[in-house]
Amino acid sequence: MKQIKYFLILFCSFTVVSCDLLNRPVYNYIESSTFYKNEKDINLAVIGAYGVLSSIYAADYVKYTELPSDNSSTVGDTGSSALIDKFIISPVNPIIESAWRNHYRCITNVNEILAAIPDVTFTSQTKKDQYEGEVLFLRALCYFNLVRLFGDVVYIDRPVSIEESQKMSRTSKEKIYSELIIPDLKNAKKLLPASYSGEDIGRSTSGAAQALLGSVYLTLHDYENCAIELGDLIEQKRYQLLSNFADIFNPDNANHAESIFEIQYEKGYTGGSQWSCQAHSRELATTLGVSTSAVTVPTTDIIEKFDVSSARYRATIGKLPNESGKMINHVKKHYMELSVQNHSDDNWPLLRYADVLLMYAEALNELNTTPTDVAIDCINQIRRRAFAVTDTSHDLTPAEVIDQQTFREVIALERRLELCFEGHRWFDLVRTGEYMKVMNAHFERFNAGAYVVENYNDLFPIPQREIDVNPNLLPNNPGYN
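An account of the accompanying structure is given in this report.

### Remarks on the side chain of Glu 262
Within the secondary structure, Glu 262 sits in strand 2 (residues 259-263). A distance of 3.0 Å separates a polar atom in the side chain of Glu 262 from the backbone nitrogen of Asn 255. A distance of 3.0 Å separates polar atoms of two side chains, one belonging to Glu 262 and the other to Ser 259. Ignoring any residue separated from it by four or fewer positions in sequence, one finds Glu 262 in contact with Gly 202, Ala 254, Asn 255, His 256, Asn 347, Trp 348, Pro 349 and Leu 350.

### What about the packing of aromatic side chains?
Where two aromatic rings form a pair, the distance of their centres and the angle of their planes describe that pair. Overall, the coordinates contain 17 aromatic pairs when judged by the stated rule. Measuring from centroid to centroid gives 5.5 Å for Phe 87 and Trp 426, while their planes differ by 55 degrees, and the two rings are tilted. On the criterion of sequence distance, the pair formed by Phe 87 in the loop between helix 4 (80-85) and helix 5 (94-116) and Trp 426 in helix 18 (residues 425-431) is long-range, its members being 339 residues apart. For Phe 87, a relative accessible area of 8% puts it in the buried group. Grouping aromatic residues by their ring pairs yields a cluster made of Phe 87, Trp 426, Tyr 435, Phe 443 and Tyr 451. It is Arg 148 that lies over the ring of Phe 144; its NZ or CZ is 3.7 Å from the centre. Across from the ring centre of Tyr 155, 5.9 Å away, lies the NZ or CZ of Lys 175, which sits over that ring.

### A few points about the environment of Lys 128
By secondary structure assignment, the location of Lys 128 is in helix 6 (residues 125-150). Lys 128 gets classed as partly exposed once you look at its relative accessible area, which sits at 23%. Separated by 89 residues in sequence, Lys 128 and Glu 39 have C-alpha atoms that sit 8.3 Å apart. Ignoring any residue separated from it by four or fewer positions in sequence, one finds Lys 128 in contact with Ile 117 and Phe 122.

### Observations regarding the pairing of strand 5 (residues 327-331)
Where strand 4 (residues 317-321) lies against strand 5, 5 bridges are found, and the strand directions are antiparallel. Residue pairing across strands places Leu 320 opposite Ile 328, the latter belonging to strand 5.

### A few points about the pattern of salt bridges
Applying the stated criterion across every chain yields a total of 29 salt bridges. As a salt-bridge pair, Glu 258 and Arg 385 come within 2.7 Å of each other at their nearest N and O atoms. Of the two residues, Glu 258 is situated in the loop between helix 10 (223-235) and strand 2 and Arg 385 in helix 16 (residues 373-387); the sequence distance between them amounts to 127 residues. Residue class for Arg 385 comes out buried when judged on its relative accessible area of 2%. Among the salt bridges present, the one from Glu 418 reaches Arg 352, with a minimum N-O distance of 2.9 Å. Placement of the pair is Glu 418 in helix 17 (residues 404-419) and Arg 352 in strand 6 (residues 348-352), with a sequence separation of 66 residues. Each of Glu 258, Arg 312, Lys 333, Arg 352, Arg 383, Arg 385, Glu 414, Glu 418 and Glu 422 takes part in one network of salt bridges that share partners.

### Describing the environment of Pro 478
Mapped onto the elements, Pro 478 comes out in the segment after helix 20 (464-469). Here Pro 478 falls in the exposed class, since its relative accessible area comes to 56%. Spatially, the C-alpha atoms of Pro 478 and Pro 461 are 8.3 Å apart, while their sequence positions differ by 17 residues.

### Some words on the nonpolar core
Ranked by size, the top nonpolar core spans 130 residues in total, and within it Ile 42, Tyr 57, Phe 137, Tyr 143, Phe 150 and Ile 181 carry the most contacts. The biggest single contributor to this core is helix 6, with 14 residues. Not counting residues up to four positions away in its chain, the partners in contact with Phe 150 are Ile 96, Ala 99, Trp 100, Arg 170, Leu 459, Phe 460, Pro 461, Ile 462, Pro 463 and Asn 477. In this structure, Cys 277, Leu 284, Val 290 and Leu 320 belong to the second largest nonpolar core, which totals 6 residues.

### Some points on helix 2 (residues 39-58)
With 20 residues, helix 2 should cover 28 Å at 1.5 Å per step; its first-to-last C-alpha distance of 29 Å lies within 8% of that length. For helix 2, the tally of buried residues reaches 18 of 20 residues, placing the bulk of the element in the interior. Its side-chain oxygen placed 3.1 Å from the backbone nitrogen of Lys 40, Asn 38 serves as the N-cap of helix 2.

### Quick look at helix 5
Its 23 residues give helix 5 an end-to-end C-alpha distance of 33 Å, which sits within 8% of 33 Å, the value for a rise of 1.5 Å per residue. The buried count for helix 5 comes to 21 of 23 residues, which makes it a mostly enclosed element. A side-chain oxygen of the first residue of helix 5 lies 2.9 Å from the backbone nitrogen of Ile 95; this N-cap is Asn 93.

### Section: the layout of surface pockets
Roughly 640 Å³ of volume is contained in the largest pocket. Lining of the largest pocket is provided by 27 residues; of these, Ala 412, Arg 425, Thr 432, Glu 434 and Val 438 occupy positions nearest its centre. Where the lining of the largest pocket is concerned, the elements lending two or more residues are helix 13 (300-305), helix 15 (353-367), helix 17, helix 18 and helix 19 (435-447). The element that contributes the greatest number of residues to the lining of the largest pocket is helix 17, accounting for 8 residues. Looking at side-chain class alone, the lining of the largest pocket contains 8 nonpolar, 4 polar and 15 charged residues. Here the second largest pocket is characterised by a volume of approximately 520 Å³. Lining the second largest pocket are 30 residues; nearest its centre among them are Phe 144, Arg 148, Thr 219, Phe 427 and Arg 431. Elements with a minimum of two residues in the lining of the second largest pocket: helix 6, helix 8 (173-191), helix 9 (206-219), strand 6, helix 15 and helix 18. A total of 5 residues in the lining of the second largest pocket trace back to one element, the largest contributor, which is helix 6. Considering only residue class, the lining of the second largest pocket consists of 15 nonpolar, 6 polar and 9 charged.

Rules used in this analysis
- Residues numbered from 1 in each chain as written.
- Predicted model: local features only at pLDDT ≥ 70, side-chain atom pairs only at ≥ 80, totals over all residues.
- Heavy atoms only, no water.
- Helix = DSSP H or I, 4+ residues; strand = E, 2+ residues; numbered from the N terminus.
- Polar contact = N/O pair within 3.5 Å; in protein donor to acceptor, adjacent residues only side chain to side chain.
- Contact = heavy atoms within 4.5 Å.
- Phe/Tyr/Trp six-rings, centres within 6.5 Å; stacked < 30°, edge-to-face > 60°.
- Buried < 20%, exposed > 50% of the residue type's maximum accessible area, 1.4 Å probe, protein only.
- Lys NZ or Arg CZ within 6 Å of the ring centre and 35° of its normal.
- Pairing = 2+ DSSP bridges.
- Salt bridge = Lys/Arg side-chain N within 4 Å of Asp/Glu carboxyl O.
- Core = buried A, V, L, I, M, F, W, Y, C linked by side-chain atoms within 4.5 Å.
- Expected span 1.5 Å × (residues − 1).
- 1 Å grid on protein atoms, 1.4 Å probe; cavity = no way out; pocket = protein on both sides within 12 Å on 5 of 7 lines; lining within 4 Å.
- Points joined across faces, edges and corners; volume = space filled by probe spheres on them.
- Nonpolar A, V, L, I, M, F, W, Y, C, P; charged D, E, K, R; others polar.

Right, here's the structure in full:
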């Protein structure tokens, strides 16, 4: 694990710097014929692609996956994060620009690697398959994020010249799902190993590809295929819930039995995670001894939803005194020692087994008008761990979830409590079509209706800087013209 973290840090410093130039799109061609000569070069390039992924999840990811939700808010901030929090979003928001840019940086690297692999000699077919599977997984993940954030985006599955890239138009998200995301994940599932050992721990596995494929099917409301993929993954018994909820987020317990795929970080380097500092109120700067950004402070609403006696609450919501001694709420899930400003060992839990159980329960519920025992058991496994593994007093019974809609609401709440501040809530609200109702009710309750979520807010705008380079990206998404 330490080796992959080290090379992530090293490689990040020299990957695709040209993406920052205004006169070219971020998905431009990078000449790599002089670099990819042997298996070692391919390995370094693959790790470099992970390095770009670590940039995506370092700080900004929660700003567009949690801030637009009823889980998080900014406090005392008037910048780009606050504008997203209030749904005052424009094509020049730098956070939105960063999301587009960094995802295409990773995609550009992946396409270069895929083009180079056929001309490289490998020590074994197994190793060649692994590298190919890893980058297919990364490309699918990046495009999955892009289509959920922006809808129709630029489809590119090969290296392209600068001139060609400046003329490319957006492709329908349906085509990107059917011709790239799903095929990439199906192929990655076949090519990737089930696990790694030693310094390779942290790379993507066949289980990660299968879990992400299940999430893709759930997003597409393809509940049958979602249930098939996730049901099979559960049957393999490769992953298990940790008995102690807090252990999931302990940096000394990274890549544990519940973890399916984590974004790797290491404290003290430029590749460290920034989440710990980003997630705390500015009022806690003196207490923590570091600058804090108040990017995602837990809302009153999410705090009220927890049973305060649960282990899940104690590991999720924390309180610390500010300079005056007033107790301030913060996200405890990702809290750890912060001796190095904006750089911690806090891996990002992108895919974990609890999410698989919750997604599987949801898919089964959408396929059956009456909640099944299997789906109810998935929820009960999560609930027991939230309190104590042997405590069944919080178990759901069939009598409590007598119909599909009741169970649908139970699953939605369980997802919110289990996965809050992990980048799922906004995508869940959009996927289920609940974003307008939930967020407008939230704003009405806590902000006297000062902010309004419109129908078009299920997508973000295409960044203006990309349109300036390539007008073929127009028209922008509805509501942002």
